[in-house]
Amino acid sequence: MTLLLVGLVVLGLTWALTGLLRGYALHRQLLDVPNARSSHSVPTPRGGGVAIVVSVLAALPALAWLELVPDTLVYGLGGAGLLVALVGWWDDHGHVPAPVRLLVHFTAAAWGLYWLGGPVALPLLGWTLEGYWLWVPMLVYLVWVLNLYNFMDGIDGIAGVEALTVCVGGALLAWWVLPEPNMALYGLLAVASLGFLIWNFPPAKIFMGDAGSGFVGLWLGLLSIYAGHQAPVLFWGWVILLAMFVSDATLTLFFRWWRRENVFEAHRSHAYQHRAVYWGHKGTTLFYGAINVIWLLPMAWWVVSGGIDPLWGVLLAYAPVVFLVYQFGAGIRHVEEW
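Residues numbered from 1 in each chain as written. Predicted model: local features only at pLDDT ≥ 70, side-chain atom pairs only at ≥ 80, totals over all residues. Heavy atoms only, no water.

Enquirer: In this structure, what is going on with the overall build of the protein chain? I would like to understand it.
Expert: A count of helices and strands for the protein chain gives twelve helices and four strands. Computed over C-alpha atoms, the radius of gyration of the protein chain comes to 19 Å, within 12% of the 20 Å expected from 2.2 N^0.38 for 338 residues, which places it in the range of a compact globule. Overall size of the protein chain, expressed as C-alpha extent along the three principal axes, is 50 × 40 × 35 Å. The buried share of the protein chain, reckoned over its 338 residues, is 53%. Look at the contacts in the protein chain between residues 6 or more apart in sequence, and 76% of them connect residues 24 or more apart. Accessible surface computed for the protein chain: about 14,900 Å², of which carbon and sulfur atoms make up 70%. (Helix = DSSP H or I, 4+ residues; strand = E, 2+ residues; numbered from the N terminus. Rg over C-alpha atoms; globule rule 2.2 N^0.38 Å. Buried < 20%, exposed > 50% of the residue type's maximum accessible area, 1.4 Å probe, protein only. Contact = heavy atoms within 4.5 Å. Areas by Shrake-Rupley, 256 points an atom, 1.4 Å probe, with all protein chains shown as cover.)

The following block contains the structure:
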């Protein structure tokens, strides 16, 4: 009952703060104005994701006070998330050079990973990968999830639906695997994302912005590592749950790099952006969420329940998703080329 009450407060707080931030953005003219590289047609306020940041960071110490999460998670997740949100807020109000952003992102990822207990041991083909050398791939993983979330936040509702479905899916996986699962963190980000999604679902009245998308992306990465520390196989379950965003962003980035384009420049070549031209924002967003529920969650369950080795489970889960986003035109510069 206590956790439910906290969830309702966070949901209401995020909803109310998003509305206030919308008024602030309109007053300050913090608008995403449509251009050739955007997927919307009406000037829309941005920065609403700060409501998620404020609500989550306010609730996290309360969860620790209620002994629902350890203090180390407050320091790790709270500090890392705040750092990323601050540089994102700066970027929302002006421009932060890419090297500075990446330096802050890696610093935040290292901070969070340290307080979570370091890299998670990875079961693979009957072996367990562990050791200090995993710090490098884990940091790269966290920074990539952070940035790809920002890349994928390009149409109404998609970032909020992703956070909601992945967190709920992660909570279900923990419930299946652990004798006493801790749902507090998964539920916290899920309800905060839902509160924002009420404003952001198509047609969006406000966008998430870099502060919110960076925060949510890093938290999803850190939550996957937190889950892995509870049970190593859960990490692979989270990797599978993130497959739609990971595949779309990675394939798009690869093709843009292959053509020697500026990968930091805004563009409209993600698979979801191409689909939105034909299906609309609502149809595309719901499709991505449905894949998470109908395909990726059962595959993740198969892996965490021990039905298949994590490596083969990840490859089997990702193969049709990669093919799908490729067919949708991931990395193609213009819809007309598809």
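Text resumes after the structure shown.
Enquirer: Please clarify how the packing of aromatic side chains should be interpreted in this entry.
Expert: Aromatic ring pairs are reported here in terms of the distance separating the ring centres and the angle at which the planes meet. According to the stated counting rule, one finds 22 aromatic pairs in the structure shown. Residues W279 and F328 carry aromatic rings whose centres are separated by 5.5 Å and whose planes lie at 85° to one another, so their mutual orientation is edge-to-face. With a gap of 49 residues between them, W279 in helix α11 (residues 271–304) and F328 in the segment after α12 (310–327) connect regions that are remote in the sequence. Residue class for W279 comes out partly exposed when judged on its relative accessible area of 37%. Its relative accessible area of 9% is what places F328 among the buried residues. Here F287 and Y288 contribute two aromatic rings whose centre-to-centre distance is 6.4 Å and whose plane-to-plane angle is 70°, an arrangement assigned as edge-to-face. By relative accessible area, which is 25% here, F287 ends up partly exposed. (Phe/Tyr/Trp six-rings, centres within 6.5 Å; stacked < 30°, edge-to-face > 60°.)

Enquirer: Help me out: how do you make sense of the side chain of D92 in this one?
Expert: The topology assignment puts D92 in helix α3 (residues 71–93). Lacking a salt bridge, the buried D92 has R46 as its closest oppositely charged neighbour, with an N-O distance of 4.3 Å. Of note is the side chain of D92, whose polar atom sits 3.2 Å from the backbone nitrogen of A211. Non-local contacts of D92, meaning those with residues more than four positions away in its chain, are made with L30, R46, G47, G209, D210 and A211. (Lys, Arg positive; Asp, Glu negative; His and termini not counted. Salt bridge = Lys/Arg side-chain N within 4 Å of Asp/Glu carboxyl O. Polar contact = N/O pair within 3.5 Å; in protein donor to acceptor, adjacent residues only side chain to side chain.)

Enquirer: I tried to follow the side chain of T284 on my own but got confused; where do I start?
Expert: Within the secondary structure, T284 sits in helix α11. A distance of 2.9 Å separates a polar side-chain atom of T284 from the backbone oxygen of G280. Once you skip the residues sitting within four places of it in the chain, T284 turns out to touch I155, Y272, R275, A276 and W279.

Enquirer: Sorry if this is basic, but what is going on with the pattern of salt bridges here?
Expert: Oppositely charged side chains can pair when the atoms bearing their charge come close. Within this structure, the stated rule accounts for three salt bridges. The closest approach of N and O atoms between D91 and R101, which form a salt bridge, is 3.7 Å. You can see D91 sitting in helix α3 and its partner R101 sitting in helix α4 (residues 98–116), a full ten residues away along the chain. Accessibility classification places D91 together with R101 in one group, the buried group. The salt bridge partner of E261 is R256, with a shortest N-O separation of 3.0 Å. Since its relative accessible area comes to 3%, R256 is described here as buried.

Enquirer: I'm lost on the environment of I52 in this one. Help?
Expert: Within the element layout of this structure, I52 appears in helix α2 (residues 50–65). In the structure, I52 is positioned 74 residues away from G126 in sequence and 39 Å away in space, judged by C-alpha atoms. Setting aside anything within four residues of it in sequence, one finds I52 in contact with T14, L189, A192, S193, F196, M208, F215 and V216.

Enquirer: Hey, could you run me through the nonpolar core in this one?
Expert: Generally speaking, a soluble globular protein has its nonpolar side chains buried in company with each other. W219 and L223 are the most contacted members of the largest nonpolar core, which has 103 residues in total. Each residue touching W219, except ones within four places of it in the same chain, is listed here: V56, L60, L77, G81, L185, L188 and L189. (Core = buried A, V, L, I, M, F, W, Y, C linked by side-chain atoms within 4.5 Å.)

Enquirer: Help me understand helix α9 (residues 232–241) in this model?
Expert: Of all the ten residues making up α9, nine are buried; the element is thus mostly covered by neighbouring parts of the structure. Those residues of α9 lying buried are V233, L234, F235, W236, G237, W238, V239, I240 and L241.

Enquirer: Explain the environment of G195 to me, please; I cannot follow it from the model alone.
Expert: Inspection of the secondary structure assignment puts G195 in helix α7 (residues 184–200). Between the C-alpha atom of G195 and that of L315, which follows or precedes it by 120 residues, the distance is 34 Å. Every residue in contact with G195, bar those within four places of it in the chain, is listed here: L11, T14 and W15.

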